[in-house]
Amino acid sequence: MFDQEEILAWEQEIVRRKTFIKTKRYKDPRADKLKEVRKGLKAVHYDKETADCRRDHYRLYRNKMAHLIRTEKFDLIVNYKRTSGWICW
């Protein structure tokens, strides 16, 4: 059915694929904090962001995304996370 060379090539391809798989998954601290704040866990205490900081952050986001659109790097565009003024990073 399959000769020895095809079997060896197939096994080597599987080994090559396994080496490119990311084995360790790192935690995203921003997502963890966001979840804690939204769930209202008492272990984490945050104050509301000021309106000026919120506006500045959103303006920076808009400028960065507009720049990515102008340079046609569409795969780097991310959605804006609205935090309703809660500091989560």
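A short tour of the structure in this document, coming up.

About the thresholds
Residue numbering note: each chain is counted from 1, following its sequence as written. Where local features are concerned, this predicted model is filtered to residues with pLDDT of at least 70; where side-chain atom pairs are given and counted, the filter is 80 or more; whole-chain, interface and lining totals use all residues. Note that the side-chain values use all heavy atoms of the structure and ignore hydrogens as well as water. In this text, helices come from DSSP runs of H or I with a minimum length of four residues, and strands from runs of E with a minimum of two, each type numbered from the N-terminal end. Classification of residues uses two cut-offs on accessible area relative to the type maximum, computed with a 1.4 Å probe and protein chains only: under 20% is buried, over 50% is exposed, and between them is partly exposed. Residue contacts are defined here by distance: any two heavy atoms, one from each residue, within 4.5 Å place the two residues in contact. Surface accessibility in these figures is a Shrake-Rupley result with a 1.4 Å probe; residues are shielded only by whichever protein chains are displayed. Residues form patches when they are more than 30% accessible in relative terms and have no salt bridge. Like charges link within 9 Å. Nonpolar side chains (Val, Leu, Ile, Met, Phe, Trp, Tyr) link within 5 Å. By definition, a salt bridge exists where a carboxyl oxygen of Asp or Glu is found within 4 Å of a side-chain nitrogen of Lys or Arg. Aromatic contacts are taken between Phe, Tyr and Trp rings whose centres are within 6.5 Å, Trp giving its six-membered ring; a plane angle under 30 degrees counts as stacked, one over 60 as edge-to-face, and the others as tilted.

### Focus: the overall build of the protein
Right, so step 1: Within the protein one finds 3 helices and 0 strands.
Right, so step 2: Traced from its N-terminal end to its C-terminal end, the protein shows the element sequence α-α-α.
Right, so step 3: Going through the 89 residues of the protein one by one, you find that 10% of them count as buried.
Right, so step 4: Taking the contacts inside the protein whose residues are at least 6 apart along the sequence as the reference set, 67% of them involve residues at least 24 apart.
Right, so step 5: Element-wise, carbon and sulfur atoms account for 55% of the exposed surface of the protein, whose accessible area totals about 8,600 Å².

### Quick word on a nonpolar patch on the surface
Right, so step 1: Where nonpolar side chains cluster on the molecular surface, the patch consists of Met 1, Phe 2 and Ile 7 and spans about 410 Å² of accessible area.
Right, so step 2: With respect to the element layout, Ile 7 can be found in helix 1 (residues 4-20).

### Section: the packing of aromatic side chains
Right, so step 1: Enumeration according to the criterion identifies 1 aromatic pair in this entry.
Right, so step 2: Here the aromatic rings of Tyr 58 and Tyr 61 are separated by 6.1 Å at their centres, their planes lie at 20 degrees, and the arrangement is stacked. Taken together, the residues Tyr 58 and Tyr 61, both in helix 3 (residues 51-70) and 3 residues apart, mark about one turn of the helix.

### Description of the pattern of salt bridges
Right, so step 1: Tallied over the entire structure, the rule returns 2 salt bridges.
Right, so step 2: Between Asp 52 and Arg 55 there is a salt bridge, and its shortest N-O distance comes to 2.7 Å. In this pair, Asp 52 and Arg 55 both sit in helix 3, 3 residues apart, roughly one turn of the helix.

### Things to note about the environment of Val 78
Right, so step 1: Relative to the elements of secondary structure, Val 78 occurs in the segment after helix 3.
Right, so step 2: With a relative accessible area of 46%, Val 78 lands in the partly exposed category.
Right, so step 3: Residues Val 78 and Met 65, 13 residues apart in the sequence, show an inter-C-alpha distance of 7.9 Å.

### Focus on unusual backbone geometry
Right, so step 1: Positive phi is not limited to glycine here, since Glu 72 has a value of about 60 degrees.
Right, so step 2: Looking at where Glu 72 falls in the secondary structure, it is placed in the segment after helix 3.
Right, so step 3: Since its relative accessible area comes to 60%, Glu 72 is described here as exposed.

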